[in-house]
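Summary of the model geometry
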Amino acid sequence: MSFVTIFYGISFYVATLILFIGLGYRIYEYSIIPSPLKIPTPPAPKTKSGVAIRLFREVVFFESLFSATKWTWLFGWLFHFALLLAALRHLRYFTDPVWFWVSWEIVQAAGHYAGYMMVFGLIGLLARRIFVDRVRYISNPSDYLMLILIIAIAVTGLLMKWFHTDIYAVKMFFIGLMYFQWSELPSDFILLLHLSLVLLLMIIFPYSKLLHAPGLFFSPTRNQTDNARDQRHISDWAKKLESKK
Amino acid sequence: MAVKEFEKPILKEYTPIPKLVEEATSHLAPFKSKEEFQKSLGYPGELVENWEEVALDKMGDLLKKYRSLRVYMDSCIQCGACTDKCHYYLGTKDPNNMPVGRQNLMRGVYRKHFTLPGKFFPKLVGAVDLTKEVLDDWYSYYHQCSQCRRCAVFCPIGIDTAEISMAAREIMDSVGVGQKYCNEIIGKANKIGNNLGLPKPALADTLEGLEEDVEEETGIDVKFPLDVKGADVLLITPSADFFAEPHVDGLIGYAKVFHEAGISWTLSSYASEAANFGMFIGSYDNMRKLALRIREAALELGVKRIVFGECGHAWRVAYSFLNTLAGPFDFLDPRYPVPQHICEVTHDLINKNILKFDKSANDGKVITFHDSCNVARASGMGDVMGGQFSLPRDIIKATTNNFYDMDDDTIMEKTFCCGGGGGLLTDDLIELRMKGAQPRMEALKRVVEDHGVTHMAAICAICKSQFSKAFQYYGFELDQIISLHQLVGDALIMTKK
Ligand code: SF4
Ligand code: SF4
């Protein structure tokens with residue numbers, strides 16, 4: 001077992017733990033904090049299924065963002081959609097035998113071109129951050145670095161097209177990690193860079209604004225039903241006030 | 001502290017997105033509340049010695065009590081989609097008046113004290129300590145937010161800056177830094193029953209005067225009952241309705257509606273206020289205390305229904321919170337929602353053909369309608385989605401011949417605040433109020449020019465007062481702002497003596 005293999009093997013275990021435990025803990029925290037008051041924004045659905053449709057439209061189409069600013073919507077949506085396609089393509093590294101639809105040409109090709117789309121979208125977002133005075137004002141170093149990090153992940157991913165890597169060995173490495181039967185990771189520079197950046201992203205996820213992903217589902221303005229008059233909505237801590245007197 | 005002169009904005013055809021000007025309104029902050037008023041609300045009278053510690057404790061407490069606050073502190077992507085959505089940014093150009101700029105004043109402190117990256121890499125993530133300067137910025141800019149929630153409509157995550165402003169004000173109150181205007185008013189409402197401090201005899205007098213006026217004008221004996229036990233409807237209306245112009249014409253309108261429909265109703269001297277400033281200062285306790293007066297009055301008078309008059313944030317507290325704060329209302333008539341808005345009552349009576357109108361009575365007017373933020377973005381009406389937009393418009397169309405809406409991106413859920421909501425309707429913030437009114441004034445100017453609009457109807461006491469000032473300031477006429485129920489009252493065909 002080479003040092004590289006051991007190092008990355010352990011790192012992926014650690015990063016995966018941080019990602020899942022960290023994110024799981026955040027979701028747990030969010031779920032136990034009450035929403036004492038009804039604060040949905042219009043168009044506020046009256047039923048739970050209405051809320052599900054609303055969230056679906058927010059997650060899939062970024063509807064609110066669309067009504068706010070077309071450029072940010074365009075770049076943001078392209079980036080996220082590309083991320084999804086790229087993730088699907090990468091499933092082939094984690095399934096053995098590869099799920100049949102993952103190996104479809106269309107999924108693989110879309111995942112590849114999505115890499116370019118992702119870079120395009122991210123550069124658009126970065127440009128807005130740099131050139132629109134209002135967005136520049138609110139940007140912290142971490143906001144730029146986050147974009148640069150994901151751009152670098154996408155670019156190193158795309159570069160592997162030219163700097164050849166034994167992807168079968170890469171796959172065996174990950175499958176090995178999953179089933180605790182380690183196998184060697186090729187030590188190509190671009191690959192290692194790509195993986196290092198992904199590791200970094202996994203680790204910072206639960207500690208960064210990437211929490212907007214679970215956050216949307218817990219956002220009371222979006223996930224509440226508009227039925228305050230029909231059904232009494234009361235949190236535990238507010239109930240205690242009532243029993244006091 | 002005198003209020004400084006400031007440059008008057010020029011109304012443009014469309015509201016442009018201004019280039020930001022740092023510190024443009026950092027000099028604006030409302031007067032601070034005096035010790036006695038702080039204390040009467042259960043807050044320290046002045047800045048406590050270990051205020052930083054107390055403030056952070058309070059913040060930690062609120063982060064555990066309000067999911068909105070916690071999730072919104074964590075989830076902002078700093079995408080900038082909200083940056084041009086606040087009327088105060090558009091009017092003042094101050095970047096701390098961009099919704100996310102305003103949020104970041106608290107988010108910096110949150111990151112520093114409640115997150116790991118903020119502890120270890122403060123520079124990287126913009127984490128800051130809660131210093132006196134930061135507290136001053138909070139006081140200034142969290143009182144430059146009318147809690148109108150326009151930003152929340154556009155944010156991809158639904159981050160509601162109003163939730164953050166409310167939390168900030170609650171934290172500041174808890175260390176002894178309160179706002180004079182709001183806290184004095186809450187004190188009066190707690191003591192006397194309304195924000196104006198109008199005691200029962202004065203209120204009875206005023207109502208009697210109104211009865212005489214209406215009788216003189218119409219020859220009909222329309223009653224304005226007070227503390228009548230056993231009435232069907234308890235009307236809770238903003239105290240401004242009792243004598244401020246144009247509010248009082250709205251009250252006359254409601255009285256005519258009840259009279260014509262034969263609904264017995266009463267006002268309460270104990271709960272003679274619809275407004276609930278407890279919401280503005282983000283205090284669940286104070287909001288609840290004020291709301292309970294309404295429950296007590298309803299029980300005491302033995303009414304069957306509760307109806308609210310025209311008031312924006314009051315309707316938010318009524319529609320969205322009242323059941324939570326002071327419910328359950330199982331002692332009222334279950335056939336009606338609790339509470340109801342006067343527009344719901346009127347709309348229903350129109351649909352049932354009980355009210356008839358002579359629209360020509362309003363022919364001298366060309367009307368547009370201002371959606372008040374708290375009605376538009378924080379409550380509903382009727383049982384259809386968007387009823388808060390359609391019901392008032394239906395009523396206007398039933399009572400007038402000439403109605404034109406303002407531009408789409410300035411009405412309904414995208415409506416612009418009047419500039420005076422959220423507890424900012426005070427003269428010490430006049431610069432902010434006038435600048436914040438600019439986007440609404442520009443939209444109004446367009447319908448005035450394009451359609452000859454002469455009057456703007458509103459269903460909010462704060463909007464009406466704010467527009468009375470802003471109209472004069474921007475060269476409209478003061479009496480161009482009217483109550484929606486003035487249109488109703490003026491056109492209603494009165495068949496009952
Ligand atoms: S739109 Fe929402 S997520 Fe974007 S900067 Fe504003 S508050 Fe943050
Ligand atoms: S709630 Fe209204 S006033 Fe406050 S930041 Fe948002 S848009 Fe501005």
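Cut-offs applied
- Residues numbered from 1 in each chain as written.
- Chains lettered and ligands numbered in written order.
- Predicted model: local features only at pLDDT ≥ 70, side-chain atom pairs only at ≥ 80, totals over all residues.
- Heavy atoms only, no water.
- Helix = DSSP H or I, 4+ residues; strand = E, 2+ residues; numbered from the N terminus.
- Rg over C-alpha atoms; globule rule 2.2 N^0.38 Å.
- Buried < 20%, exposed > 50% of the residue type's maximum accessible area, 1.4 Å probe, protein only.
- Contact = heavy atoms within 4.5 Å.
- Buried area = accessible area lost by both parts, 1.4 Å probe.
- Salt bridge = Lys/Arg side-chain N within 4 Å of Asp/Glu carboxyl O.
- Polar contact = N/O pair within 3.5 Å; in protein donor to acceptor, adjacent residues only side chain to side chain.
- Nonpolar A, V, L, I, M, F, W, Y, C, P; charged D, E, K, R; others polar.
- Domains from an automatic or database assignment.
- Axes fitted to C-alpha atoms, helices over the stretch in contact; angles between N-to-C directions.
- Parallel < 35°, antiparallel > 145°, perpendicular 65-115°, else oblique.
- Left-handed = near helix turned anticlockwise from the far one by under 90°.
- Near = heavy atom within 4 Å.
- Pairing = 2+ DSSP bridges.
- Phe/Tyr/Trp six-rings, centres within 6.5 Å; stacked < 30°, edge-to-face > 60°.
- Lys NZ or Arg CZ within 6 Å of the ring centre and 35° of its normal.

This part takes up the overall build of chain B. Each helix and strand in chain B was counted, giving 22 helices and seven strands. For 497 residues, the compact-globule estimate of 2.2 N^0.38 gives 23 Å, and the C-alpha radius of gyration of chain B, at 22 Å, lies within 12% of that figure. C-alpha extents for chain B along the principal axes are approximately 75 × 50 × 45 Å. Residue burial in chain B is summarised as follows: out of 497 residues, 67% are buried.

Below, the discussion takes up the interface of chain A and chain B. Between chain A and chain B, the residue contacts involve 60 residues of the former and 78 residues of the latter. At the boundary of chain A with chain B, total buried surface from both sides reaches about 5,600 Å², with 57% on carbon and sulfur atoms. Joining chain A to chain B, the criterion identifies two salt bridges. Glu 29 of chain A serves as the salt-bridge partner of Arg 70 of chain B, at 3.1 Å between the closest nitrogen and oxygen. Inspection of the region where chain A meets chain B yields 34 residue pairs in polar contact (both at pLDDT 80 or more). Of all elements in the fold, only helix H1 (3-32), helix H3 (63-68), helix H6 (133-138), helix H7 (141-159), helix H10 (212-217), helix H11 (220-223) and helix H12 (236-244) of chain A reach the threshold of two or more residues within the side of chain A that touches chain B. By residue number, the principal contributor to the side of chain A that touches chain B is H6 of chain A, which donates five residues. When its residues are assigned to classes, the side of chain A that touches chain B shows 28 nonpolar, 17 polar and 15 charged.

All names here are of chain B. When cut into domains, chain B gives domain 1 (35-178) and domain 2 (186-491). Tallying the contact residues gives 25 residues for domain 1 and 32 residues for domain 2. Our count for the contact surface shared by domain 1 and domain 2 stands at zero salt bridges. Linking domain 1 with domain 2 are 13 residue pairs in polar contact (both at pLDDT 80 or more), by the criterion used here. At the level of elements, helix H4 (87-92), helix H9 (150-154) and helix H10 (161-174) are the ones that each hand at least two residues to the side of domain 1 that touches domain 2. Its residues assigned to classes, the side of domain 1 that touches domain 2 comprises ten nonpolar, eight polar and seven charged.

Before going further, it helps to examine the packing of H1 of chain A against helix H9 (residues 189-204) of chain A. Residues and elements named next belong to chain A. It is at 8 Å that the axes of H1 and H9 come closest, and there the two elements cross at 25°. The pairing of H1 with H9 is recorded here as roughly parallel in orientation. In this structure, the crossing between H1 and H9 has a hand that is left-handed. Across the interface between the two elements, Val 4, Tyr 8, Ser 11, Phe 12, Ala 15, Thr 16, Ile 18 and Leu 19 from H1 touch Leu 192, Leu 195, Ser 196, Leu 199, Met 202 and Ile 203 from H9. Split by residue class, the contact of H1 with H9 holds eleven nonpolar, three polar and no charged.

Across residues other than glycine, the phi torsion is negative in most instances, and most of the peptide bonds are trans. Geometrically, the link from Asp 96 of chain A to Pro 97 of chain A is a cis peptide bond, its omega value of 0° lying close to zero. Here Pro 97 of chain A is to be found in the loop between helix H4 (70-90) and helix H5 (105-131). Notably, Gln 147 of chain B is not glycine yet its phi reads approximately 55°, a positive angle. For Gln 147 of chain B, the position within the fold is in the loop between helix H8 (132-141) and H9.

Before going further, it helps to examine the environment of Gly 22 of chain A. All names here are of chain A. Inspection of the secondary structure puts Gly 22 in helix H1. Overall, Gly 22 belongs to the buried group, its relative accessible area being 13%. The spacing of Gly 22 and Met 202 is 180 residues in sequence and 10.0 Å in space, taken between C-alpha atoms. If near-sequence neighbours (up to four positions away) are discounted, Gly 22 is found in contact with Leu 17 and Pro 206.

Moving on: the site of ligand 1. The immediate surroundings of ligand 1 are formed by Cys 76, Ile 77, Gln 78, Cys 79, Gly 80, Ala 81, Cys 82, Val 100, Gln 103, Cys 155, Pro 156 and Ile 159 of chain B. Class assignment of the residues belonging to the shell around ligand 1 gives a composition of nine nonpolar, three polar and no charged.

Residues and elements named next belong to chain B. Packing of helix H20 (residues 438-451) against helix H21 (residues 461-473) brings their axes to within 11 Å, and their N-to-C directions diverge by 70°. It follows from the interaxial angle that H20 and H21 lie roughly perpendicular. Considering the relative orientation of H20 and H21, their crossing is right-handed. Between H20 and H21, the contacting residues are Arg 440, Met 441 and Leu 444 on the first element and Phe 467, Ala 470 and Phe 471 on the second. Within the contact of H20 with H21, the residues separate by chemical class into five nonpolar, no polar and one charged.

The next thing to look at is the environment of Gln 179 of chain B. Residues and elements named next belong to chain B. Residue placement: Gln 179 occurs in the loop between H10 and helix H11 (180-192). For Gln 179, a relative accessible area of 3% puts it in the buried group. Along the backbone, Gln 179 and Leu 424 are 245 residues apart, and their C-alpha atoms lie at a distance of 9.6 Å.

Here we come to the sheet that holds strand E1 (residues 233-236) of chain B. All names here are of chain B. Across the sheet, which stays open at both edges, the four strands sit in the order E2-E1-E3-E4 with parallel pairing between neighbours. Lying at the two open borders of the sheet, with one neighbouring strand each, are strand E2 (265-266) and strand E4 (340-341). Against the sheet, helix H13 (residues 247-261) contacts E1, E2 and strand E3 (305-308), and its axis sits at roughly 170° relative to E1.

Residue and element names in this part refer to chain B. Summed over the entire model, instances satisfying the criterion amount to 33 aromatic pairs over all chains. Centroid distance Tyr 473 to Tyr 474: 5.0 Å. Interplanar angle 90°. Geometry classified as edge-to-face. When its relative accessible area of 21% is taken as the criterion, Tyr 473 is described as partly exposed. Above the face of the Phe 329 ring, Arg 295 is positioned so that its terminal group lies 5.7 Å from the ring centre.

Time to look at the pattern of salt bridges. For the structure shown, the criterion picks out 32 salt bridges over all chains. Between Arg 222 of chain A and Glu 58 of chain A there is a salt bridge, and its shortest N-O distance comes to 3.8 Å. In this pair, Arg 222 of chain A is assigned in helix H11 and Glu 58 of chain A in helix H2 (residues 48-61), connecting sequence segments 164 residues apart. Across the pair, Glu 58 of chain A and Arg 222 of chain A agree in class, each one buried. For the salt bridge of Lys 223 of chain B with Asp 221 of chain B, the shortest nitrogen-to-oxygen distance reads 3.3 Å. On the accessibility criterion, Lys 223 of chain B (42% relative accessible area) is partly exposed. The exposure class assigned to Asp 221 of chain B is partly exposed, which follows from its relative accessible area of 33%. Among the charged side chains, a salt-bridge network with shared partners connects Arg 26 and Glu 29 of chain A together with Arg 70 and Asp 74 of chain B.

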